[in-house]
Amino acid sequence: MARARGRERLRLMFAEHLGLTPWLEGCTQGREVLAAMELEYSMEAPDDEVAHEAVRAVNPRQAAFRRRWANERRRVYDGLQTYLASPAHLAASDQAHAAMMDAFRRQHDA
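Because the structure is a prediction, the values reported are computed rather than measured.

Describing the nonpolar core
Part 1 of the reasoning: Counting five residues, the largest nonpolar core consists of L12, A51, A54, W69 and A70.
Part 2 of the reasoning: Of all elements in the fold, only α4 (48–56) and α5 (60–85) reach the threshold of two or more residues within this core.

Right, dumping it as structure tokens:
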């Protein structure tokens, strides 16, 4: 749980300091951090406690930004979860998996 909270704080920091992303893109380790953050961003549930802590710790203008960020983060996450659970996505995923397995079997049976 502590690691998830740390990642959520890091996401907020990226949102507040837009110069971090271009700075990190300039080195290999930075690109690895960005890739890991992007991969986990939508799959990991937002931590509401981090959002509440963040809003209490700042001035009203920054608190408003953080509230908007937390709401958008929750909206994106919920939307992705809804999409992943949809029959259309499940059918497409099953179809892609079946095609991949067919190609694998053809390649290895030949």
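Brief notes about the environment of A63
Part 1 of the reasoning: Relative to the assigned elements, A63 resides in helix α5.
Part 2 of the reasoning: Residue A63 is classed as buried on the basis of its relative accessible area of 4%.
Part 3 of the reasoning: Separated by 32 residues in sequence, A63 and R31 place their C-alpha atoms 29 Å apart.
Part 4 of the reasoning: Not counting residues up to four positions away in its chain, the partners in contact with A63 are V55 and V58.

A few points about the packing of α4 against α5
Part 1 of the reasoning: For the pair α4 and α5, the least separation of the axes is 9 Å and the interaxial angle reads 165°. The angle between α4 and α5 places the two elements in the roughly antiparallel class. For the crossing formed where α4 meets α5, the hand is left-handed. Contacts between α4 and α5 involve D48, A51, A54 and V55 from the former and A63, R66, R67, A70 and R74 from the latter.

Quick notes on the side chain of H89
Part 1 of the reasoning: One can find H89 in helix α6 (residues 87–109).
Part 2 of the reasoning: Contacts of H89, omitting those with residues within four sequence positions, involve Y83 and L84.

Here's the deal with the pattern of salt bridges
Part 1 of the reasoning: For the coordinates displayed, the defined rule picks out nine salt bridges.
Part 2 of the reasoning: Among the ionic pairs, E16 bridges to R66, the shortest N-O distance being 2.4 Å. In this pair, E16 sits in helix α1 (residues 2–16) while R66 sits in helix α5, placing the two residues 50 residues apart along the sequence.
Part 3 of the reasoning: Residue class for R66 comes out buried when judged on its relative accessible area of 12%.

A look at the packing of α5 against α6
Part 1 of the reasoning: Two elements in contact, α5 and α6, have axes whose closest approach is 5 Å; the angle formed by their N-to-C orientations is 60°. Between α5 and α6, the angle is such that the two are oblique. Contacts between α5 and α6 involve Y83, L84 and A85 from the former and P87, H89 and L90 from the latter.
Part 2 of the reasoning: Residues of the contact of α5 with α6, tallied by class, amount to five nonpolar, one polar and no charged.

The rules behind each value
Residues numbered from 1 in each chain as written. Predicted model: local features only at pLDDT ≥ 70, side-chain atom pairs only at ≥ 80, totals over all residues. Heavy atoms only, no water. Core = buried A, V, L, I, M, F, W, Y, C linked by side-chain atoms within 4.5 Å. Buried < 20%, exposed > 50% of the residue type's maximum accessible area, 1.4 Å probe, protein only. Helix = DSSP H or I, 4+ residues; strand = E, 2+ residues; numbered from the N terminus. Contact = heavy atoms within 4.5 Å. Axes fitted to C-alpha atoms, helices over the stretch in contact; angles between N-to-C directions. Parallel < 35°, antiparallel > 145°, perpendicular 65-115°, else oblique. Left-handed = near helix turned anticlockwise from the far one by under 90°. Salt bridge = Lys/Arg side-chain N within 4 Å of Asp/Glu carboxyl O. Nonpolar A, V, L, I, M, F, W, Y, C, P; charged D, E, K, R; others polar.

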